[in-house]
Amino acid sequence: MRIDPAQFLVVGFIALILIGATLLNLPIASENGKSIGFVDALFTSASAVCVTGLIVVSTPTHWSLFGEIVILILIQVGGLGIMTMATLVSILIGKKITLKERLIMQEELNQFSLAGLVKLTKYVIISTFTIEGIGAILLSSRFIPRYGVVKGIWFSIFHAISAFCNAGFDLTGNSMVPFAEDVIVNLTIVSLVIIGGLGYTVYIDITKNRSFKKFSLHTKLVLVITAVLLVLGFIVILITEYNNPETLGKLSFKGKILASLFHSMTPRTAGFNTVDTGSLTISAAFLTMIFMFIGGSPASTAGGVKTTTVGAIFLAVFAVIKGKDDVETYNRRLPHSMIFRALAVVGIGMFLIVFVTMILSITEKASFLDILFETISAFGTVGLSRGLTPNLSTIGRLLITVTMFAGRVGPLTIAFAIAKKQRKNKGTYRFPEERIIVG
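These numbers were taken from a predicted model, which means no experiment stands behind them.

Caption draft 1: Seen up close, empty space enclosed by the protein. If you walk through the whole model with that rule in mind, you get two cavities of 30 Å³ or more. Looking at the second largest cavity, its volume works out to about 80 Å³. Asn166, Val193, Ile194, Gly197, Leu198, Thr226, Leu230, Met265, Arg268, Gly296 and Ser297 are the residues that line the second largest cavity. Breaking the lining of the second largest cavity down by element, the ones donating at least two residues are α9 (183–198) and α11 (217–241). For the lining of the second largest cavity, the element with the highest residue contribution is α9, accounting for four residues. The residue inventory of the lining of the second largest cavity, partitioned by class, reads five nonpolar, five polar and one charged.

This is the structure in structure tokens:
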């Protein structure tokens, strides 16, 4: 049976999650020497592969060094992508990349052409390890004095990879809360997450052209939308949480600024936090959910429906308001098929979130806000939680596991599967047009 690239990626991610679950279920993976149970191992493996960060047990206290290494490998492979890592192995052993493998790489990296895929993959691998290495060095300047040389180096490597891959797993036991007022840790984590969430095609475009006017439309939209979301998030969080004694209220002015910046970034699928997410005001929690749903940008380590998807829909709305038939921006016109695909991605995502939230509202004993927050966090592969994750029932854990998987694979395969496999009507007729009342 012939498997197309999208199906291969789905099967590949499932296989990776099952392998990870099997390893994490081994007694050696737990600090107490006892098996955690397959459901919890599966949840943790899916969270790592899907670079989400939701956890049912404390990462530093429950998992042994073996377990932590398995989680880190799953994060790296899940963040970079299965075919990217497979290509790295092929390059190292001198194996030639086949056409079928190139097609799968094209699907995984969200590219429209086969040209230069191997070169792009090499760039992805080199840039990833370089950026993560720089991040680890910067973090080590704070972690080594606090945790010692060996533990400090391990913490630096783990958190640099977790941040760049937008995973949100931590070894401190309380995310980045202990470093809420540390400038270097905050700015390093924020930078790693933002860079990881921009997308590799954006890096290449910036490196080659070095001028906003020369950037592709994709790069322009990614940079503008990312900047708008970060600034908007920073302002709203600072205002709504400034006097909240459970979040920004207990920090110095410098800490308030850093925490506001950090939280404007973290819903973009990062999962780290420097303030208690469960103590956020309703308005801040609502904004966080919106940001989690949007996520990062295509061809990146981030999740969500993606910035350009939401951008395309907003541009379409503005076009309708202005009475235009075409969706235009920066002297370019977006094809209608792309608008339809953007609507499909958002529609599928919203449907899944509504469905899962309804089921969890039956199976879980928690408030609607906490359940909705958990569901969107899982779909957006964010990892933020209002404390519900460890208390999920078995059904709830399995459902969130499926949601994390759908959120990670969905934007990668559903949207571009539709894009690549759109069927042009080759018949000799079209159905007659008829209008309906809208709005």
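Caption draft 2: How the structure looks around the packing of helix α10 (residues 200–209) against α11. Here α10 crosses α11 at 105°, and the two axes come no closer than 10 Å. By the criterion of interaxial angle, the relationship of α10 to α11 is roughly perpendicular. On α11, the residues that touch Thr201, Val202, Asp205 and Ile206 of α10 are His218, Thr219, Val222 and Leu223. Within the contact of α10 with α11, the residues separate by chemical class into four nonpolar, three polar and one charged.

Caption draft 3: Here's a closer look at the packing of aromatic side chains. Throughout the structure, instances matching the rule amount to ten aromatic pairs. Relative to Phe155, the ring of Tyr147 has its centre 4.6 Å away and its plane inclined at 45°; by these criteria the two rings are tilted. Using a relative accessible area of 5% as the deciding quantity, one classes Phe155 as buried. Between the aromatic rings of Phe212 and Tyr330, the centroid separation amounts to 5.9 Å while the plane-to-plane angle is 65°, which identifies the pairing as edge-to-face.

Caption draft 4: Looking closely at a nonpolar patch on the surface. Residues Ile19, Leu23, Leu26, Ile28 and Phe66 make up a contiguous nonpolar surface patch of roughly 410 Å² in combined accessible area. Taking the relative accessible area as the measure of exposure, Leu23 reaches 33% and is therefore partly exposed.

Caption draft 5: Quick look at the nonpolar core. In terms of nonpolar packing, the biggest core is built from 69 residues, with Ile71, Ile75, Ile189, Met265, Ile400 and Met404 touching the most fellow members. Broken down by element, this core gets its largest block of residues, seven residues, from helix α4 (residues 65–80). Ranked by size, the runner-up nonpolar core spans 31 residues in total, among them Leu221, Met289, Ile339 and Ile353.

Definitions and cut-offs
- Residues numbered from 1 in each chain as written.
- Predicted model: local features only at pLDDT ≥ 70, side-chain atom pairs only at ≥ 80, totals over all residues.
- Heavy atoms only, no water.
- 1 Å grid on protein atoms, 1.4 Å probe; cavity = no way out; pocket = protein on both sides within 12 Å on 5 of 7 lines; lining within 4 Å.
- Points joined across faces, edges and corners; volume = space filled by probe spheres on them.
- Helix = DSSP H or I, 4+ residues; strand = E, 2+ residues; numbered from the N terminus.
- Nonpolar A, V, L, I, M, F, W, Y, C, P; charged D, E, K, R; others polar.
- Axes fitted to C-alpha atoms, helices over the stretch in contact; angles between N-to-C directions.
- Parallel < 35°, antiparallel > 145°, perpendicular 65-115°, else oblique.
- Contact = heavy atoms within 4.5 Å.
- Phe/Tyr/Trp six-rings, centres within 6.5 Å; stacked < 30°, edge-to-face > 60°.
- Buried < 20%, exposed > 50% of the residue type's maximum accessible area, 1.4 Å probe, protein only.
- Patch = residues over 30% accessible without salt bridge, like charges linked within 9 Å, V, L, I, M, F, W, Y side chains within 5 Å.
- Areas by Shrake-Rupley, 256 points an atom, 1.4 Å probe, with all protein chains shown as cover.
- Salt bridge = Lys/Arg side-chain N within 4 Å of Asp/Glu carboxyl O.
- Core = buried A, V, L, I, M, F, W, Y, C linked by side-chain atoms within 4.5 Å.

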